[in-house]
Amino acid sequence: MVDWLVSTVGEKLKTVLQDEVALLVGVNSEIEELSSTFTLIQAVLEDAESRRVKDKAVTIWLEKVKDVAYDLDDIVDEWTTEALRPQAPDEGDVSCFSFPVTCFLFPVTCFNNVKLRHEIGSRIKEVRGRLDSIEKEKSRLGLIVYSGERERVDSEVRRGEIRDRETSSLLDQRFIVGREDEKKKVVDLLLRGSSREVNEVPFVISIVGMGGLGKTTLAQLIYNDENVKGHFDMRMWVCVSEDFDVKRITKSIIESATGNGCELSDLAPLQDRLHDMLQAKRFLLVLDDVWSHDSEKWDKLRLPFQAGAHGSRIIVTTRLEDVALRMGGTHMHKLDVLSDDDCWLVFSRRALEHRSAEERSDLEEIGRKIVNRCGGVPLAAKTIGSVMCSRKTRRQWELVLRSEVWKSGDVLGGILPALLLSYHDLPLALKQCFTYFSIFPKDWMIEKGMIVKLWEAQGFICSEGSEDMEEIGGLYFDDLLRRSLLQDAEYDDDGNICKCKMHDLVHDLALSVAGSDCSPVPIGKQASLNFNNIRHSFFATDVAVNEDDEVAYMLALKLMKAHKLRTLFIGSRIFMMPRMSFRQWRCLRALNLSNTGIKKLSPTVGHLKHLRFLDLSRTNIEELPEEVCNCLHLQTLRLNHCGELKKLPGGMKKMINLRHLELELCLNLKYLPQGIGRLTSLRTVSEFIVGGGNKGCKCGELKHLNHLQGSLRITGMGKNRSRDEAREAELNKKQHLHTLSFRYKVEGGELLDEEKKRMEDVLEFLQPHTNLKEFQICYYRGSKLPKWIEDPVFSNLVRMSLSACWECIQLPGFGKLPSLKYLSISYMNEVRKVGVEFSGVDNNVGSGICVVSFPKLQTLIFFGMQNWEEWELRGGVGEVMPSLLQLEVKWCPKLKELPTNLPPLLQKLTLEISNEGMLSSGGTLPVLPNLKHLIIYGRSQLKSFPCGWLGQFKALKTLEIHRCRKLESLPDEELQQLTMLQELKINECRLLKERYGDEGKDRHKIPHIPKITFCR
């Protein structure tokens, strides 16, 4: 972490040197010296980092460097805070918009606090003295400057690491377990290939996974398989490691193939010889432990391989998906962790190999608990198994199990060097981001969006040009996942990564490299920690405590001493004591008090000059103190699920660096304060609440918020909003929004015609940008919807929802929307007919024109349409809903019948039978040959199914029948024709349960259905 910190602070100092304020404060020469000294120190950091593990003096020296860098970072940050104050608007100023500071340069007139000028000048001089002493120590420690690239593979330390990790094709198969299935899959690819292989020579197979999973071991198993040996004319094994030197690798391939040394030293003759050796030969080459992302080197290395015969194969093992992709892997095999039982076998074959049966039985329970801590990583199990081999007694095993060393990973010394290579391979900025994960408890599910905002708060993300920090942070996160340093990814509905975990062993690595900076602290375990040195911490407990508890009291005392904290998470239901002050945490950048049960936030939060992230989600807080608006650097304010929150501070317009305002499910919050429109850095406003009279904001304040992205819900609009206000919002310029929702104020009573017309006009001027993907309208009281809602120009729109638009008498022509996949319409009580207008086709369209309506619609839902009577599924000339897979029609009591021409591709139908005519045998029923899932709800009307209707669904796999209380029997013969039917579920159908239950008289008529369940 030191190298990134020194580099960042060094750049800030160079920027400050260009500032007039340095001259004003009288520290220009001090800053020049500081910048120069930082440059000298930065030059030896690589050497210092490589020696810190074995040299205690170097470790102490690095801690001193880090302390000075942090202090300087705080000083520069306070400098910029003072610059922000003149830009924050005055309380009464409502006419202008202010913009955030984006650099460290600002005019001398901004820095007019004499006392603060003196204080900063004194602190800079004090830091200057400390840094001089540190610089002198580096010579005494013998720290040297490395030349060349940041990661020198020819350095003594690095060469030692690589030698330790050098691999060969030989292995002892007695200790290999749990990889037979993986071996079989890859061997099949080697011997039989894939349909994806065309004329590629050679065919590349990549084995990808984090360090310690056994990628090399799997490759060795495959390489030594007897069938593989007999299939290939030549087999070669080369350990590549970090140094992807084409000449060295080519020479190693030749030596592996011949078993003899190679006297050639230049690349050209080496490649010529290899080309001749491989000519028309079917070969297998294993390139083990590849790290390089350099495609050009790979392209150069592979030139001789093209001489091989068809069927030649290359196996690449790597921790990085990017490497596998760059090497053109036709097949990527991602290696998973071992099962607990397999991991136990790896462990026990080392730890218990020479024990008696009695000893094995006595130690197995403890041993399995130790194995569980290995997280399914075979290298960890093997390493700790070797350690336990020398522990003879049960007590010795118990001491290892209970050891605090598990938290630091020192017991797993054999795996840390392997994982350290993954860490060393990270770019400088990613190292810092990776290390930050160590503040979270093990197995913590980490939200991608939140961790990116925390990285922003700590200054880990640097954006250049038009790139957003959020976008760059998302790429950082994805990169860590690709490098197998994160795992267990969870995805949202659109396939985007939203959450991840960190493997326990990787977490140990993060803690190891973080040192004293980061610490997850279970409450009750804090007594052994030195809080004076912790900068990022997460306090957690599984039980609720309050201010009267001794645990909470001791925690408060400890926290008061943690003056260097930059991140503080309280991950528990602690009731923070009202008397607790924030003054002592002047370095704090991120504060998370979510789920703590607090009701009031101390006004001293306004003293946190550096604060950039504040999370009060799921608390009982009713309002924020006005002092929070003094946190001028604040970027993220999270207040999700604060059900008691009634208002936000009126001075929020001063928070001109705010980027994210999260207000999900703040049900008692009635309006946002006036002036929100000045916060032009905003990227996220989850809920924009209009209203509040003179104190609240209007739609027009959205005008300058053109950086808004993701989702936006506008609530509180009603009959009194004006078209000018809607026009001023300029929603059509919010090109980064992908989800938009209008939730109108629920107003009782009848509306006058002019009030309805006003609502229609307002909505007409709230037309969004055409990049929109999802749109929803709720509680709208106009008689008609705007024409733009059906405009094909919205070519990105995939989801549409209309709910409780009670006064609308006709549905828009949604069939015109070219990309619409999901459509939900509910509680539109004035709609009586759904016809050709819904398909978006003009009744007078010429017969020669073929128009496809709803070309991509996959899901269609109608719900609560109380007066809907007729549904005509027609689109003029052309298909209607050709892609529809799922249809749901529920609680539409007047609907007479379904269209007979429902799309034949329909696979799932959910239908509530609200009147006897809907499935009347007198009419023509829709034919659905591809239907796989049928769900029937029937109030009390349905007495029987129409003859022949159920039997037509030959592809049906599941049939559910709910609340059909008058339904006495099922068409047995038709059910027997449904040979694909796997499950029958009957819920709240008493007569059917009596007839077809386990003891029912007709149970024998449906024996072909594998799964039959009855509920109530």
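**Describing the sheet that holds strand E6 (residues 446–447)**
Next up, step 1: Spatially, E6-E8-E7 is the arrangement adopted by the 3 strands of the open sheet, whose pairing is antiparallel. Two strands bound the open sheet, and with one partner strand each, they are E6 and strand E7 (487–491).
Next up, step 2: Taken together, the 2 bridges between E6 and strand E8 (residues 497–501) define a ladder with antiparallel strand orientation. Its bridge partner being in E8, Ile446 is matched across the sheet by Cys500.

**Some thoughts on helix H26 (residues 753–764)**
Next up, step 1: For H26, with 12 residues, the first-to-last C-alpha span of 17 Å sits near the 16 Å given by 1.5 Å per residue.
Next up, step 2: The complete set of buried residues in H26 reads Glu755, Lys756, Met759, Glu760, Asp761, Val762 and Leu763.

**Comments concerning the sheet that holds strand E5 (residues 331–334)**
Next up, step 1: The parallel open sheet is built from 5 strands, whose spatial order is E2-E3-E4-E1-E5. Since the sheet does not close on itself, it has two edges, and those belong to strand E2 (234–241) and E5, each with one partner. Taking each pair of neighbouring strands and ignoring which way they run, the sheet shows an average axis angle of 15 degrees.
Next up, step 2: Across the face of the sheet, helix H9 (residues 215–223) comes into contact with strand E1 (203–208), E2, strand E3 (283–290), strand E4 (313–318) and E5 while running at roughly 170 degrees to E2.

**Remarks on the state of the cysteines**
Next up, step 1: Within the structure shown, the criterion is met by 0 disulfides.
Next up, step 2: Left unpaired, Cys964 is separated from the closest cysteine sulfur, that of Cys989, by 4.9 Å.
Next up, step 3: According to the relative accessible area criterion, Cys964 is buried, its value standing at 1%.
Next up, step 4: Looking at Cys1015, it has no disulfide partner, and the nearest cysteine sulfur is the one in Cys989, 10.0 Å off.

**Observations regarding helix H18 (residues 394–402)**
Next up, step 1: When H18 is considered as a whole, its buried residues turn out to be Trp397, Val400 and Leu401. Considered in projection along H18, the buried side chains sweep an arc of 100 degrees and stay on one side of the axis. Along H18, exposed side chains directed more than 90 degrees from the buried face belong to Arg395 and Arg402.
Next up, step 2: Buried residues in H18 make contact with helix H15 (340–351), helix H16 (357–372) and helix H17 (378–388).

**Focus: the packing of aromatic side chains**
Next up, step 1: For the structure shown, the criterion picks out 30 aromatic pairs.
Next up, step 2: Here Phe538 and Phe569 contribute two aromatic rings whose centre-to-centre distance is 5.3 Å and whose plane-to-plane angle is 25 degrees, an arrangement assigned as stacked. Placement of Phe538 in strand E10 (residues 536–540) and of Phe569 in strand E11 (residues 567–571) is noted, with a sequence separation of 31 residues between them.
Next up, step 3: The exposure class of Phe538 is buried, given its relative accessible area of 1%.

**Some details on unusual backbone geometry**
Next up, step 1: The backbone of Leu665 sits at a positive phi, close to 55 degrees, despite the residue not being glycine.
Next up, step 2: In this structure, Leu665 sits in the loop between strand E15 (660–662) and strand E16 (684–685).
Next up, step 3: In the Ramachandran plot, Met881 falls in the positive-phi region, its phi being about 50 degrees despite a non-glycine side chain.
Next up, step 4: Residue class for Met881 comes out buried when judged on its relative accessible area of 1%.

**Notes on the nonpolar core**
Next up, step 1: Membership of the largest hydrophobic core comes to 138 residues, with the highest contact counts inside it found for Phe688, Phe742, Ile777, Phe838, Phe862 and Trp871.
Next up, step 2: Among the elements that line this core, the one with the most residues is strand E19 (residues 737–744), at 4 residues.
Next up, step 3: Discounting residues that sit within four places of it in the chain, Phe742 has contacts with Ile714, Met717, Leu731, Leu763, Leu766, Phe775, Gln776, Ile777 and Cys778.
Next up, step 4: Counting 114 residues, the second-largest nonpolar core is a separate cluster that includes Val6, Cys343, Phe347 and Cys518.

Procedures and definitions
- Residues numbered from 1 in each chain as written.
- Predicted model: local features only at pLDDT ≥ 70, side-chain atom pairs only at ≥ 80, totals over all residues.
- Heavy atoms only, no water.
- Pairing = 2+ DSSP bridges.
- Helix = DSSP H or I, 4+ residues; strand = E, 2+ residues; numbered from the N terminus.
- Expected span 1.5 Å × (residues − 1).
- Buried < 20%, exposed > 50% of the residue type's maximum accessible area, 1.4 Å probe, protein only.
- Axes fitted to C-alpha atoms, helices over the stretch in contact; angles between N-to-C directions.
- Contact = heavy atoms within 4.5 Å.
- Disulfide = S-S within 2.5 Å.
- Arc of directions from axis to C-beta.
- Phe/Tyr/Trp six-rings, centres within 6.5 Å; stacked < 30°, edge-to-face > 60°.
- Core = buried A, V, L, I, M, F, W, Y, C linked by side-chain atoms within 4.5 Å.

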